[in-house]
There are 2 protein chains.
Amino acid sequence: MRIAIVGAGALGLYYGALLQKSGQEVHFLLRRDYGAVKEKGLKVFSVNGDFHLPVVNAWRTPEEIGAVDLVLVGLKTFANGSFTDLIGPLLGEGTQILTLQNGLGNEEELARLFGAQRVIGGVAFLCSNRGEPGEVHHLAAGRIILGEYAEVNHGRVEELAAMFSAAGVDCRATDDLKRARWEKLVWNIPFNGLCALLQHSVDRLLAVTATRGLVKELMLEVIGAANLQGVRKPIPVSYADAMLEFTDNMGVYKPSMQIDREEGRELETGAIFRTPLRFGTGEGASMPRVEMLATLLEQATTPP
Amino acid sequence: MRIAIVGAGALGLYYGALLQKSGQEVHFLLRRDYGAVKEKGLKVFSVNGDFHLPVVNAWRTPEEIGAVDLVLVGLKTFANGSFTDLIGPLLGEGTQILTLQNGLGNEEELARLFGAQRVIGGVAFLCSNRGEPGEVHHLAAGRIILGEYAEVNHGRVEELAAMFSAAGVDCRATDDLKRARWEKLVWNIPFNGLCALLQHSVDRLLAVTATRGLVKELMLEVIGAANLQGVRKPIPVSYADAMLEFTDNMGVYKPSMQIDREEGRELETGAIFRTPLRFGTGEGASMPRVEMLATLLEQATTPP
């Protein structure tokens, strides 16, 4: 399969490298890493074993790549304004677009621009970061859940899942992408939000009764909103307790948004907070704490 | 009148100095400032004019002072556990206790320990801070609203108000102390809380639509709780907009709790947040944002 990686941060580089290693024809659209990758290829330092791809198809513009079978989108969501420029030149008649981006609203925007039938969504559980140019670090996890955005029924999601599995990625298809996206938000909204706001790791939040209670209240607001979105099967309230226990086992863990804030990077508050709030309150959900957290986070990260 | 000042921070030193200057017999219970005051007296640098009291009654223990007519309590509320030790030795048969402390729950605790008939509450609007030992800075305002805690009706609050007025303090009596305390919280909870949490001055909160909206939501939660407390006349919802406009005119202003946090001092979250929350939710008020703000503030100021 001829694949273009758009948004080659840690996520794009990591999955792209695995796909190339498994025999797919992968093309990376690069900025920061272009020179290093062109010269020395791509090095992956992974908990599953390091490897090096000495020769990689590295490009500066999508026009140089041309039409592909699959566009894998790993852009930070605040760069979604570049979809037309970056993805348009990669589209042929049957090109599929898979977004592995965070939060909500990405499939909707891709569908609006390029047609809903092209769009597939993936929820990625990956802990990775970029190292030196031409290097990527895979620290933990990596699972992907894939689903159709629109009602398309020709088995292509299962084919993509098989391709990822063959590349060594734990990948499965779901018939309820919406629920998978919201399930991830049940964790992401409280933990990414509170840890980034307070600059505390998850264990510190969970150790204090009041803060642990707040995490759970936030989770319940997200679950309530999710279940008004036309998911096939509601997320049970007990999912909140399950996520709390799951997180207890993570120990001293900093969510990605906390690290982004520490390192002065822009936060994905739109896709992870504002769009879920709009979808949730649009269906009548009450989300005062999620809204307050979004507001505080935006305010805390706005320069004076 | 023989008066003891207990809790001689900026507030106690300032009002005590004015009362002494006006001819009252004032005794200061001091710790940090004892040596300086004993030696050089008390200097007040005030927007209303500086003055110096060369001789001041300075003491290290309440036993040295003995029974007084009035105890003026200016302790930080997290020191209320010292009420018995600090106030007990000052009480004679008719001694009145006036608390000018922040937040809620102080009259209740004084009444429990020393009898409700002794207790008078005062809501102070004072902007002051301590300077060098033996010095106090009065930056703005200073108004006091006095009211009975229990149903006592012999005009003593009016007498105290007259005494403060004679000392140059803008002071009036109210027949609804509860309402006066809650009105102050309508401002204190959002602005002290958010400014201390975010380390932003009030103008930065008011300049952003989402944060301004959050301030108003917090105010409305406090007003809702106040109106369930048996106040004589409900606080109107329009009070929130009035407070927003009032604060717009303050410009670049840091509330005291923001300064306390900047300077690493303990915050009065109990009296300003947790007790109002207990009183409010105890009467069925919905206060999710106030509760969340209290939790975030406590978490942000808890050492790891």
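Each chain has its residues counted from 1, running along the sequence as written. For this description, chains carry letters from A and ligands carry numbers from 1, given in the order in which they are written. For this predicted model, a pLDDT threshold of at least 70 governs which residues receive local features, and a threshold of 80 or more governs which side-chain atom pairs are given and counted, while totals over whole chains, interfaces and linings are taken from all residues. With hydrogens and water excluded, all non-hydrogen atoms of the structure serve as input to the side-chain values.

Asks: Just give me the short version of the interface of chain B and chain A, but keep the residues and values in it.
Replies: Here, two residues are considered to be in contact whenever any of their heavy atoms come within 4.5 Å of each other. Each side of the interface is counted separately: chain B has 22 residues, and chain A has 22 residues. Any carboxyl oxygen of Asp or Glu that lies within 4 Å of a side-chain nitrogen of Lys or Arg is treated as forming a salt bridge with it. Across the chain B-chain A interface, the total number found is zero salt bridges. Two N or O atoms form a polar contact when they lie within 3.5 Å of each other; inside protein one atom must be a possible hydrogen donor and the other a possible acceptor, and for residues adjacent in sequence the pair counts only when both atoms belong to side chains. The interface formed by chain B and chain A includes eight residue pairs in polar contact (both at pLDDT 80 or more). Only DSSP runs of H or I reaching four residues or more are called helices, and only runs of E reaching two or more are called strands; each is numbered from the N terminus. Those elements that provide at least two residues to the side of chain B that touches chain A are α7 (177–198), α8 (202–206), α9 (209–226) and α13 (288–300) of chain B. Counting residues per element, the side of chain B that touches chain A draws most heavily on α13 of chain B, which supplies eight residues. Three classes are used, and their members are as follows: Ala, Val, Leu, Ile, Met, Phe, Trp, Tyr, Cys and Pro are nonpolar, Asp, Glu, Lys and Arg are charged, and the others, Gly among them, are polar. A breakdown of the residues in the side of chain B that touches chain A according to their chemical character gives 14 nonpolar, five polar and three charged.

Asks: Can you explain the packing of aromatic side chains? Please cite residues and give values.
Replies: Residue and element names in this part refer to chain B. In this scheme Phe, Tyr and Trp rings, the latter by its six-membered ring, pair at centre separations within 6.5 Å, and the angle between planes marks the pair as stacked below 30 degrees, edge-to-face above 60, and tilted otherwise. Scanning all chains against the criterion turns up eight aromatic pairs over all chains. Taking 6.1 Å as the distance between ring centres and 85° as the angle between the ring planes, the aromatic pair formed by Tyr-15 and Phe-164 counts as edge-to-face. Within this pair, whereas Tyr-15 is found in helix α1 (residues 10–21), its partner Phe-164 is found in helix α6 (residues 156–166), the two being separated by 149 residues in sequence. Judged on exposure class, the residue Tyr-15 and its partner Phe-164 are both buried. Where Trp-187 meets Tyr-253, the ring centres are 6.3 Å apart and the plane angle is 65°; that geometry is what we call edge-to-face. Remark: Tyr-253 occurs in the loop between α10 (238–248) and α11 (256–262) and Trp-187 occurs in helix α7; sequence separation between them is 66 residues. Only protein chains enter the accessibility calculation, which uses a 1.4 Å probe; a residue is then buried when its area is under 20% of its type maximum, exposed when over 50%, and partly exposed in between. Look at Trp-187 and you get buried, because its relative accessible area is 12%. Tyr-253 sits in the partly exposed class, given a relative accessible area of 24%.

Asks: Just give me the short version of the pairing of strand β1 (residues 2–6) of chain A, but keep the residues and values in it.
Replies: All names here are of chain A. In terms of burial, β1 is a largely internal element, four of the five residues being buried. Tracing the backbone out of β1, into helix α1 (residues 10–21) and back to the parallel element strand β2 (residues 25–29) gives a crossover that is right-handed. Note on pairing: two strands pair once DSSP finds at least 2 bridges between them. Pairing between β1 and strand β6 (residues 68–73): four bridges, direction parallel. Paired with Ile-5 across the bridge in β6 is Leu-72. Consider the strands pointing away from the viewer: the crossover is right-handed when the path from the first strand over the helix to the second runs clockwise.

Asks: For the domain arrangement of chain A, give the residues involved together with the corresponding values.
Replies: All names here are of chain A. Partitioning chain A into domains gives domain 1 (2–175) and domain 2 (178–300). The split of the chain into domains comes from an automatic or database domain assignment. Each of domain 1 and domain 2 has a C-alpha centre, and these two points are 25 Å apart. Listed per partner, the contact involves 20 residues of domain 1 and 17 residues of domain 2. The interface formed by domain 1 and domain 2 contains three salt bridges. With a closest N to O distance of 2.7 Å, Arg-181 and Glu-107 form a salt bridge. At the boundary of domain 1 and domain 2, one finds 10 residue pairs in polar contact (both at pLDDT 80 or more). When contributions to the side of domain 1 that touches domain 2 are tallied by element, the ones reaching two or more residues are α5 (106–114) and β8 (119–130). Considering each element in turn, the side of domain 1 that touches domain 2 owes the most residues, six residues, to β8. Partitioned by chemical class, the residues of the side of domain 1 that touches domain 2 number seven nonpolar, eight polar and five charged.

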